[in-house]
2 protein chains.
Amino acid sequence: MISVAVNGYGTIGKRVADAIVKQPDMRLIGVVKTSPNYEALMAHRKGIKIYVPQQSIKKFDEAGIPIAGTVEELIKTADIVVDATPNGVGAQYKSIYQQLQKNAIFQGGEKAEVADVSFSALCNYNEALNKKYIRVVSCNTTALLRTICTMGRVGKVEKVRATIVRRAADPKEVKKGPINSLIPDPATVPSHHAKDVNSVIKNLDIATMAVIAPTTLMHMHFLNITLKDKIEKKDVFSVLENTPRIVLVSSKYDVEATAELVEIARDLKRERNDIPEVMIFSDSIYVKDNEIMLMYAVHQESIVVPENIDAIRASMGARSAEESIRITNSSLGILGGYLI
Amino acid sequence: MISVAVNGYGTIGKRVADAIVKQPDMRLIGVVKTSPNYEALMAHRKGIKIYVPQQSIKKFDEAGIPIAGTVEELIKTADIVVDATPNGVGAQYKSIYQQLQKNAIFQGGEKAEVADVSFSALCNYNEALNKKYIRVVSCNTTALLRTICTMGRVGKVEKVRATIVRRAADPKEVKKGPINSLIPDPATVPSHHAKDVNSVIKNLDIATMAVIAPTTLMHMHFLNITLKDKIEKKDVFSVLENTPRIVLVSSKYDVEATAELVEIARDLKRERNDIPEVMIFSDSIYVKDNEIMLMYAVHQESIVVPENIDAIRASMGARSAEESIRITNSSLGILGGYLI
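All values derive from a computational prediction rather than experimental measurement.

1. Thoughts on the state of the cysteines
Residues and elements named next belong to chain A.
And step 1. Tallied over the entire structure, the rule returns 2 disulfides over all chains.
And step 2. Here Cys 123 is linked by a disulfide to Cys 149, with a sulfur-sulfur distance of 2.0 Å. Here the S-S torsion is close to 115 degrees, and the disulfide linking Cys 123 with Cys 149 is therefore right-handed. Here Cys 149 lies in helix α7 (residues 139-151) and Cys 123 lies in helix α6 (residues 121-128), a separation of 26 residues in the sequence.

Shown next, in the form of structure tokens:
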């Protein structure tokens, strides 16, 4: 059993914590929370042990949420820490992980340099084997890499051009906008996503453009992939239909928008209506000579969860890529093929 | 003087009517309105003569909005009709224009077959000279064509790949959504915009993908243009800086979103805060070998207005492309160069 601590219990941290509990080879030994908010209260009620920074002890006492100890006490007893702290905070924590000689998984909000390797399970699991510090790339980059590496099984990928339409805020974020605007993010090309993809696939010719739209549910990507050789549409389908973590959505049943994907996740009684798979609109797949164009939706809150679980196993040298991905998928109910 | 009737007085019709009034060589002889709503009342108060279909006479009487006659009476006295009726209705009206032997300008909501030529002033004015029926392409296609034909002055355009993020509704449209979703529009590739561009530039290799976002202000386009030969960024800038109807927007003054473009239009006291120019985010212009990538915003309500004015002159054989475009730009205050 791998003893895992989760540092940070927000959007990603709480999902990774829940996912760890479901792994046959992992044990969640506790989570770090800095504020005694509703998420902390719910963690406590679920029986999750909460550890806090020294300066938060009083606040938790006042709020009546029991704590199990301090951050350092938690990390000392862990085999590995999943750092799900806000962007940039992970880098500050790294010295503590180093000092206590613990492996750590960082999130995509950190700079690539924080870790020994940037990680996407379907692309470079083996490269991350036994690495002390692994960085799971961001939600958008995870979706790009999953899709690009999968297309790499259709033919050699020579060039990727992508437009990313980002959700403005997560559903719970009430202080972010815009309400009614499109915001180039940034208004320069390429956006950071291209560089982030290159942190995993070093020499890929990729350029990305990004824009923020006033929606909270999911991102969408519009991909144009050029392969070395001419391909057939059926080969693209055959690879996509057989790759778990990528799911096809047909318009046959009137699924035509991100809101409808989320509605299906709710009807399927998925926890928190999460959709950790890349959701490809199958009707959008367009093949012309050696070019593939397609559209997919990305659930920003949950897509990196399976990658965090695999990164834990890779870092601990616990399993092969194939085994880890299989266990993660089956424990979390992650699909391949068609959504419905 | 060209006597122009405008059939339909909604988003496009009312703007085209106002633009006609400003032309030194045109006279607005009246507009057709079917419902006695606030737009009809304001047309009346501006002194515009309102003509209605037979079956609307009673409604206008009851609403106390005076009318000057019926649609047929208006069209009979016109040299040319700008048809700004809802999508598909223009095709129904065509037989009346034919019967009364009047030239007509149709909008992009009609099928290309309705007209002798699909039109974009910077692309194919000469092709439209003396054509009886001209179709001004839609707002998105107008922006694509303006930009592509302008890039054609930098080098030979070989391939265009574009993602179009569409506004969900116009500001006045209260019955359309979505509020919180992204909707592939459609979830098939290419979207109709590619075909529509091909109605003007016949053999261009173009593929487009489109998605609807919950915003009302402007569309945005993300373009990837491949030229035959390698080019320099400065050549792209030099052509763009010197093409009226295309305006560059720099982030230097913190203009970073469609909402800020509209705010500038309001501060500039533009009528209805209209922005008939293609608004290119200058920082987004990215040149790599023979590839150009860039982002721009498109004001769906007003971008086709100058094209309608030019289409009138082309159809009547009244002016050369250069003259018409110059008169239209100067009468409507249409900019080139930098927005501010």
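Further notes follow.
2. Here we look at the packing of helix α6 (residues 121-128) of chain B against helix α12 (residues 321-332) of chain B
Residues and elements named next belong to chain B.
And step 1. Following both chains from N to C, one finds α6 and α12 inclined at 130 degrees, their axes separated by 9 Å at the closest point. What the angle tells us is that α6 and α12 run oblique. For the pair α6 and α12, the sense of crossing is right-handed. For the pair α6 and α12, the contacting residues are Ala 121, Leu 122, Tyr 125 and Asn 126 in the first and Ala 321, Ser 324 and Ile 325 in the second.
And step 2. Its residues assigned to classes, the contact of α6 with α12 shows 5 nonpolar, 2 polar and no charged.

3. Some remarks on the interface of chain B and chain A
And step 1. With 44 residues of chain B in contact, the opposing surface of chain A contributes 44 residues.
And step 2. Interface of chain B and chain A: buried area, both sides summed, is about 3,500 Å²; carbon and sulfur atoms make up 66% of it.
And step 3. The tally of links between chain B and chain A comes to 6 salt bridges.
And step 4. Inspection of the region where chain B meets chain A yields 19 residue pairs in polar contact (both at pLDDT 80 or more).

4. Examining the UniProt feature "binding site: NAD(+)" (unreviewed entry) in chain A
Residue and element names in this part refer to chain A.
And step 1. Per the UniProt record, the feature "binding site: NAD(+)" (unreviewed entry) sits at Thr 11, Ile 12, Gly 109, Arg 167 and Gln 300.
And step 2. Take Gly 109: it is sitting in the loop between β6 (103-106) and β7 (117-119).
And step 3. Taking relative accessible area as the criterion, Gly 109 reaches 37% and is therefore assigned partly exposed.
And step 4. Excluding residues within four positions of it along the chain, Gly 109 makes contact with Asn 87 and Gly 88.
And step 5. Checked against the element boundaries, Arg 167 lands in strand β9 (residues 157-167).
And step 6. When residues no more than four places from it in sequence are discounted, the contact partners of Arg 167 are Ile 212, Ala 213, Thr 215, Thr 216, Leu 217, Met 218, His 219 and Gln 300.

5. A closer look at the sheet that holds β6 of chain A
All names here are of chain A.
And step 1. Taking strand neighbours across the sheet as the criterion, the 8 strands line up as β4-β3-β2-β1-β5-β6-β8-β7 in an open arrangement whose pairing is parallel. Edge positions in the sheet fall to β4 (69-70) and β7, since each has one partner strand and no second.
And step 2. Direction of pairing for β6 relative to strand β8 (residues 133-136): parallel, over a ladder of 3 bridges. Counted as the bridge partner of Ala 104 is Tyr 133 from β8.
And step 3. Running over the sheet, helix α11 (residues 305-315) touches β1 (2-7), β2 (26-32), β5 (80-83), β6, β7 and β8 and is turned about 165 degrees from β8.

6. Description of the packing of aromatic side chains
Residue and element names in this part refer to chain A.
And step 1. For the structure on display, the rule yields 8 aromatic pairs over all chains.
And step 2. Seen in terms of ring centroids, Tyr 93 and Tyr 97 are 6.0 Å apart; in terms of plane orientation they differ by 10 degrees. Their pairing is stacked. In this pair, Tyr 93 and Tyr 97 both sit in helix α5 (residues 89-99), 4 residues apart, roughly one turn of the helix.
And step 3. One Lys or Arg, Lys 94, reaches over the ring of Tyr 133 and ends 4.7 Å from the middle of that ring.

Reading the values: the criteria
Residues numbered from 1 in each chain as written. Chains lettered and ligands numbered in written order. Predicted model: local features only at pLDDT ≥ 70, side-chain atom pairs only at ≥ 80, totals over all residues. Heavy atoms only, no water. Disulfide = S-S within 2.5 Å. Helix = DSSP H or I, 4+ residues; strand = E, 2+ residues; numbered from the N terminus. Axes fitted to C-alpha atoms, helices over the stretch in contact; angles between N-to-C directions. Parallel < 35°, antiparallel > 145°, perpendicular 65-115°, else oblique. Left-handed = near helix turned anticlockwise from the far one by under 90°. Contact = heavy atoms within 4.5 Å. Nonpolar A, V, L, I, M, F, W, Y, C, P; charged D, E, K, R; others polar. Buried area = accessible area lost by both parts, 1.4 Å probe. Salt bridge = Lys/Arg side-chain N within 4 Å of Asp/Glu carboxyl O. Polar contact = N/O pair within 3.5 Å; in protein donor to acceptor, adjacent residues only side chain to side chain. UniProt positions renumbered as here; feature names shortened; annotations may be inferred. Buried < 20%, exposed > 50% of the residue type's maximum accessible area, 1.4 Å probe, protein only. Pairing = 2+ DSSP bridges. Phe/Tyr/Trp six-rings, centres within 6.5 Å; stacked < 30°, edge-to-face > 60°. Lys NZ or Arg CZ within 6 Å of the ring centre and 35° of its normal.

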